[in-house]
Amino acid sequence: MRTVFAFPVGERAETIALLDQHFPQQRHPWVVNGALYIEIDDERSGSLYSDWEPEAVAALVEVTGERPDWALQIDISGRVDGTDEVHQILALMLDRGGVAFDDYTDHAWTLQEIQAGESVDGLRFFDFRTYHQRHHGPGAKN
């Protein structure tokens, strides 16, 4: 399972309403195409930041000016690529601002950077193929 965290601008209730509007089939988690699972994670009752590198948390605080107490956690099944779906969800969730993190860099990605295909240390957002080739060699499984 691969994971993306999104920190949208606005209130938690607004984000939940947007998810309910676009993905009304199921909630807790919201399921997209049977392979992406979206939940709200928070620091008080969840495990937000529990396995984050300190550099990633520092990057988030630097960009947002605070340590957000909730985020969208998007888990992507290994049985699908998921890139297009993740990009579509983030286009919706980060339309008014905010940042996203993937499993492959400690960079706080803006929607503009994601959509432009920008790279950090040679990796684009959610660039699991390049990451795995670097760390596990050609032909490595995602």
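On a predicted model such as this, the values are computed, not experimentally measured, just so you know.

### Brief notes about the sheet that holds strand E3 (residues 36-42)
With antiparallel pairing, five strands are arranged side by side in an open sheet as E2-E3-E4-E1-E5. Only two strands of the sheet have a single partner each, and these edge strands are strand E2 (30-32) and strand E5 (98-101). The mean inter-strand angle of the sheet, taken between neighbouring strand axes irrespective of direction, is 25 degrees. The sheet contact formed by E2 and E3 spans three bridges and is antiparallel. The partner of Trp30 across the bridge, within E3, is Ile38. Strands strand E1 (2-8) and E5 of the sheet are contacted by helix H2 (residues 54-64), whose axis makes an angle of about 170 degrees with E5.

Criteria and cut-off values
Residues numbered from 1 in each chain as written. Predicted model: local features only at pLDDT ≥ 70, side-chain atom pairs only at ≥ 80, totals over all residues. Heavy atoms only, no water. Pairing = 2+ DSSP bridges. Helix = DSSP H or I, 4+ residues; strand = E, 2+ residues; numbered from the N terminus. Axes fitted to C-alpha atoms, helices over the stretch in contact; angles between N-to-C directions. Contact = heavy atoms within 4.5 Å.

Everything listed here is a matter of geometry and, on its own, says nothing about what the molecule does.
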